[in-house]
Structures are given as C-alpha cells and as structure tokens.
Amino acid sequence: MRRLYKELENYGKSDFYPFHMPGHKRNKACIEGDFPIERDITEIDGFDDLHHSEGILLEAQNALSRMYGTRKSFFSVNGSTAGILTAISASVKKGGQILVARNCHKAVYHAIYLRELVPTYIYPQSDNNLGINGSISVSRVERYLEENPKIEAVLITSPTYDGVVSDVRKIAETAHKHGIPLIVDEAHGAHFRFSDYFPVSATDLGADVVIQSFHKTLPAMTQTAVLHLCSERVSEKLIRRFLGIYETSSPSYILMSSLDACVAKLEKDSGRLFDEFTENLEAARRQLGQCRYIRLLQTPEETGEESDVQGTEELFDYDRSKLILSTLHSSLNGPELAGILRRKYHLEVEMTTENYVLALAAVGDTREGFRRLCKAIEEIDRQEAELAEKSRNITEKIAVGNSDYVPEVERQKCVKCNSEDCERCEKKDTRSDGLRNEKYACKCGPMKQLMSISRAMDAPSQLCLLEESAGKIAAEFVYLYPPGIPIIVPGEQITGLFTRNVRRYMEQGLNLHGLCGENNETISVVKEQAEV
C-alpha cells in the first residue's frame, strides 16, 4: 500500500511549486530555525482530506484499524482531547446523563460542560500514602447503573496516569447489560497491544470506543492520537460529525504522517522493538527494586509476596512501564527528588507529586537511558542511607543518656484531609508494642456537587481569597498538571480540606492550575445571588 509518510517525503523532493497554503511556501530562507517544512502541505491533489478521506488517508486509517482489530479507527491531530470530546458527544445526547470515573482527565469535564450533561461520579479506590487512584469497582458500576437507569454511557480511564488498570471486560459487560456503551480513555495504554508483558488493551476487552495517545508511549510525534470505534453501539456517523467539530479543519500532514510512519514501523518491527524494550525495562525494575529509601512501587509478583489486592477491584492490573519512585521512606519529597534528578543527573521525569515521581518508560527508551536512571536513583538511595544512619546514631545516644526515654511517636494526620483534628475520622491504635499511636481512618466523603458544571461555569462569578472560600461554590477547575485531573470541578462546594491541600501543593512547588492572582491567592467562585 501507499504510505503517507513516504509520499510526503517524495513530494518534498519534487519541483512542484506551491501557490497554496501554508505561507512559508516550503522556502527555508523565509523562516528561522530548521523545520521539516518541505513536508508541510495542505489538502492538495493526491493527499486526501482527513475529514472526507477517500484515498491515502483512508488507507492509513484502515491500516491502523487492522493492526488493532477494530471496526473503524480514526486519526486525531488534536490529541486524545479531541477523541474524548468526540466519544462523549457521540454517545450521550445533549443534556443526557453519563457515569464517569472522578479521576478522569479535564477533557471529560469539558465535554460534560459543552454538552450540558448530568454526570454521576464513581470514585476509584486509592492508596492513602502515595495518593494513587486504584481501579474502578465493577460492582459499584453495576449499582450506579441500577440506581440511575437514564445513564447513557460509562467512561473510565484505564490505565491511569500512574498505570493502574481496571477490569475493562467486566465493566463493559455490565454496561452492555444495561444497553449502553463503555468509553475507555486509554491514552496511556496504546502500547498494550504489542507485548504480553503489559495488560490487555481495552480494544480487545469489549469497550465500544477507545481513545489512545500514540505520542505518549509509542514512537509518534506530540499531539498524535487515535480513536478506535469497536462496536455499533456508538454511531459511526456521529463519531465523524463530532471529529469534524472538535478537530482542526487544517490537520497537520507532518503529524498525520508521523501516525502513519508509527503504524508502518509497528507492523514491520513491533516484535523486536518490544522484546528489547521489555527486557531493558524488566532489568531496570529489578535494579530499582533493590533501593531501600527511594522505593519503586512494585507488584506482588515482582516482590514475591502474596497479595489480596492485585487482581481485585481495588487494583485489577498494573502497567509496569510506569516507574513510580516513592520518597515516603526518605528525607525527600517528590519535587525535591525531581529537582535532584534534573539538576545533577539531567534526567526529566514525567510527573511530580508530593510523595513520588513518575518516570515514564516507552519503546523509544534505550538501555543507556535506563542505566542512567538506575545509577542516579542508586546514588541518591545511598545518600539517604547515610543520612538515616546518622539519624539513628543520634537517636541511640539520646536513649542511652536518658533511662526514661520513650521514642516520640508522631501523631499522624488524617490521610485524606491532612488534619490532626478531623471530625470525620476514627482513631485507631496501630502499635503492637503498647506505645500510643493514633492512626486515622478518614471518613471524609466525596466533593458535594451543588450546581451543574455548565451552570456554574456560566454563572456570574467573583474572586475570593482562598482562605475565605470554604463553603462557596467553585466556578472554575483547579488541577495539578500533569496529570490534569481536577481537584475541584465547577459546581462543587469548596471545603477546608481542599484549601489546605492546595496550600500544601503550592508550598511544595507543584504545578497547580486554576487559581488566580500572582501568588495564586484567590479562587473564582459563583456569586452568592447566582447560587439559588
């Protein structure tokens, strides 16, 4: 078959002169920098039209569909965002109801706003120490669908940014039993299809629409993504309509050719590429797993321990290409570890949180890249071991000098609201040696949605000091980026827990979006007269 990337390469070498867009006219003398403008064209003869593909772009998308075994597959040069907006709009009528996992990307909430949908949120299980969202419970999906028969679609994120995978097959079966489709945001799982080392792709598990970001884990350029239509439960006609609305009418041929070249490479060489990748990744995980203070989040299979969690609704499966390096047992926090890796070792991690960093591994990684990461973490781990030994020696000297010495046990804070006096927590003694240790089991519930997202965003709003905002209704999203999952959604009631968490995130230098003012001291809230 003809390949788009090859045709572009050949056309760029030809003597055709462009009396058409783009304005650089493939003339390198008129631009600063070195860009592949010889391949940057518009919809000229022989190169098809993405929104009405009949030729080379249709062939490219058909090759993608064959590779994943789907009914239809579509290119997106507006990232997974356009795919998510399209899937929701095509699956749920305007003003309709949708069941969504509360840990979804902000694009999901934008679709809810644009289509004026009524969401029902399902909260995942979570690791209270690291703050990692777990899997979506199949039984809870069933319960919510039983309680809300007007829900028209279910949407979950699997894998999550951290690599947690839900039981897509059973969730799909549950949705289908109620006569509605399952949409899976698999933006971070496009690589699943190419190795048994990884979980099974949602395209093979009964999901009806699957969105993947090729650029995240496959060898394709930034902004490239795909939408897979896997069944007839969602209208192909509507998918095409909404892709035409949410995707640019002037798609980049460089980005589309990158998608096509990625498909061609995987068709030809995925076995070798993924064999090398998984071998290097597994060796790195074994090496990183030996560190004591900067700890790699490992599966029970890797540690050799029995688990009553993995394979359950709490943690159904895990993508081991996500290298989560916890700082909980060290003197560092997440931003500090990321800073050391950047400044001293010239290693950039994908995401930084309070208590861990996420190093994202992909098929393009080299053995040398893994070696550098392992060496850096081992050096930092040794330094942490030395600090721990010094601290231990000091503690022992104090104990020897005071026969009545009893080690001070830190009063632990509520694992959800970070408060020592949370009124909604139960105190439990978790020490077996009789020493007092109050461990908190938080009963803090989900955020209260007092207004719809669309009504709150369109209502008159005002700025309010963060410290004075508790009890008011948020008018904008606030989220850490990455991963872009809203901490609060427009229409939700602001709580003291939210304000304390936000202040803590800012103190630690995390990348917080959605607040106002030079120092993020204010938040946009719905005016009181608009709350009724």
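Residues numbered from 1 in each chain as written. Predicted model: local features only at pLDDT ≥ 70, side-chain atom pairs only at ≥ 80, totals over all residues. Heavy atoms only, no water.

(A) View of the overall build of the protein chain. For the protein chain, the count of helices and strands is 14 helices and 22 strands. When contacts within the protein chain are restricted to residue pairs at least 6 apart in sequence, those whose partners lie at least 24 apart make up 68%. (Helix = DSSP H or I, 4+ residues; strand = E, 2+ residues; numbered from the N terminus. Contact = heavy atoms within 4.5 Å.)

(B) Highlighting the pattern of salt bridges. One pass over the full model with this rule turns up 28 salt bridges. Measuring nitrogen to oxygen at the nearest pair gives 3.3 Å for the salt bridge that ties R272 to E276. Residue R272 and its partner E276 are both found in helix α9 (residues 253-288); the two are separated by four residues, about one turn of the helix. Among the charged side chains, a network of salt bridges with common partners joins R71, E232, E236 and R240. (Salt bridge = Lys/Arg side-chain N within 4 Å of Asp/Glu carboxyl O.)

(C) Structural detail: the pairing of strand β3 (residues 118-122). Sheet topology note: the strand β2 (residues 97-101)/β3 ladder contains five bridges and is parallel. Note on β3: the bridge partner recorded for L99 is T120. (Pairing = 2+ DSSP bridges.)

(D) Focus on the sheet that holds strand β19 (residues 478-480). Taken together, three strands build an open sheet; the order of strands is β20-β19-β21 and the sheet is antiparallel. In the strand order of this sheet, the two ends are held by β20 (486-488) and β21 (512-513), each with one partner. Of the strand pairs in this sheet, β19 and β21 are connected by two bridges, and their pairing is antiparallel. By the bridge assignment for β21, L480 is matched with L512.

(E) Main features of the sheet that holds β3. Here we have seven strands laid out as an open sheet, ordered β1-β10-β9-β8-β6-β2-β3, and mixed in their pairing. Taken across any chain shown, the strands that pair with only one partner, and hence form the sheet edges, are β1 (72-76) and β3. With strand direction ignored, the average angle separating the axes of adjacent strands in the sheet is 20°. With respect to the sheet, helix α2 (residues 56-68) is in contact with β1, β9 (209-212) and β10 (225-229), its orientation differing from that of β1 by roughly 125°. Here α9 sits on the sheet in contact with β1 and β10, set at roughly 135° to β1. (Axes fitted to C-alpha atoms, helices over the stretch in contact; angles between N-to-C directions.)

(F) Region of the structure containing the state of the cysteines. Per the counting criterion, the structure on display carries zero disulfides. Looking at the unpaired C291, the closest cysteine sulfur is the one in C374, lying at 7.9 Å. (Disulfide = S-S within 2.5 Å.)

(G) Expanded view of the packing of aromatic side chains. Under the definition given, this model contains 14 aromatic pairs. Aromatic side chains F242 and Y246 sit 6.1 Å apart centroid to centroid with 20° between the ring planes, which places their arrangement in the stacked category. You can see F242 and its partner Y246 sitting in helix α8 (residues 236-246), four residues apart, about one turn around the helix. Classification of F242 as buried rests on a relative accessible area of 7%. Owing to a relative accessible area of 17%, Y246 belongs among the buried residues under this scheme. Aromatic ring contacts, followed pair by pair, group Y68, F194, Y197, F198, F214, F274 and F277 into a single cluster. It is R102 that lies over the ring of Y121; its NZ or CZ is 5.6 Å from the centre. The ring centre of Y197 lies 3.9 Å from the NZ or CZ of R320, which sits over that ring. (Phe/Tyr/Trp six-rings, centres within 6.5 Å; stacked < 30°, edge-to-face > 60°. Buried < 20%, exposed > 50% of the residue type's maximum accessible area, 1.4 Å probe, protein only. Lys NZ or Arg CZ within 6 Å of the ring centre and 35° of its normal.)

(H) Molecular detail of helix α14 (residues 496-507). In this model, α14 (12 residues) spans 17 Å end to end at C-alpha, consistent with the 16 Å of a helix rising 1.5 Å per residue. When we look at burial in α14, the residues that qualify are F498, T499, N501, V502, R504 and Y505. Buried residues along α14 sit in contact with β19, β20, β21 and β22 (522-526). Backbone geometry just downstream of α14 places G509 in the positive-phi region, at approximately 80°. (Expected span 1.5 Å × (residues − 1).)

(I) Focus on the confidence of the model for the protein chain. Scored by pLDDT, the protein chain comes out at a mean of 89, with 87% of its residues at no less than 70. Note on residues 423-444: pLDDT under 50 across the span, and 51 contacts to partners over four residues away in sequence or across chains. (pLDDT = per-residue confidence, 0-100.)

(J) Geometry of α9. Taking 1.5 Å of rise per residue, 36 residues should cover 52 Å, yet α9 covers just 41 Å from first to last C-alpha, more than 12% shy of that figure. The largest bend along α9 reaches roughly 85° and is located at D269. Between a side-chain oxygen at the N-terminus of α9 and the backbone nitrogen of I254 the separation is 3.3 Å; the capping residue is S252. (Bend = angle between axes of the 7 residues up to and from the residue. Polar contact = N/O pair within 3.5 Å; in protein donor to acceptor, adjacent residues only side chain to side chain.)

(K) Focus on the side chain of N103. Relative to the helices and strands, N103 is located in the loop between β2 and α4 (106-114). Owing to a relative accessible area of 5%, N103 belongs among the buried residues under this scheme. Not counting chain neighbours up to four residues away, the residues in contact with N103 comprise Y109, P124, N133, I136, T157, T160 and I485.

(L) Quick peek at the environment of A456. Within the fold, A456 resides in helix α13 (residues 453-458). Residue classification places A456 among the buried positions, given a relative accessible area of 0%. Expressed as a C-alpha distance, the spacing of A456 and P490, which sit 34 residues apart in the sequence, is 5.6 Å. In this structure, A456 is in contact with M451, A474, A475, P490, G491 and V526, ignoring residues within four places of it in sequence.

(M) Structural context of the packing of helix α1 (residues 4-12) against α9. Two elements in contact, α1 and α9, have axes whose closest approach is 7 Å; the angle formed by their N-to-C orientations is 130°. One element, α1, and the other, α9, form an angle in the oblique class. Residues L4, Y5 and L8 of α1 lie in contact with α9, whose contacting residues are Y253, M256, S257, D260, A261 and A264. Across the contact of α1 with α9, the residue classes tally to seven nonpolar, one polar and one charged. (Parallel < 35°, antiparallel > 145°, perpendicular 65-115°, else oblique. Nonpolar A, V, L, I, M, F, W, Y, C, P; charged D, E, K, R; others polar.)

(N) The arrangement of the nonpolar core in detail. Counting residues in each nonpolar core, the largest one holds 61 residues, and the members touching the most others are F214, L218, F274, L323, L337, L341 and I377. Among the secondary structure elements, those contributing two or more residues to this core are α1, α2, α9, β13 (322-326), α11 (334-343), β15 (356-360) and α12 (367-401). When residues in this core are grouped by element, the largest group, 13 residues, is from α9. If we skip the residues at most four places from it in the chain, I377 touches L288, C291, I294, L325, L337 and L341. Residues V141, V210, I211 and I453 belong to the second largest nonpolar core, which totals 56 residues. (Core = buried A, V, L, I, M, F, W, Y, C linked by side-chain atoms within 4.5 Å.)

(O) Quick look at unusual backbone geometry. A cis amide bond, omega 5°, links S158 with the succeeding residue P159. Backbone torsion omega between Y481 and P482 reads -10°, so that peptide bond is classified as cis. The phi angle at K25 is positive, at roughly 55°, despite the residue not being glycine. Following the sequence through the fold, K25 ends up in the loop between α1 and α2. Positive phi is not limited to glycine here, since N520 has a value of about 55°. For N520, the location among the structural elements is in the loop between β21 and β22.

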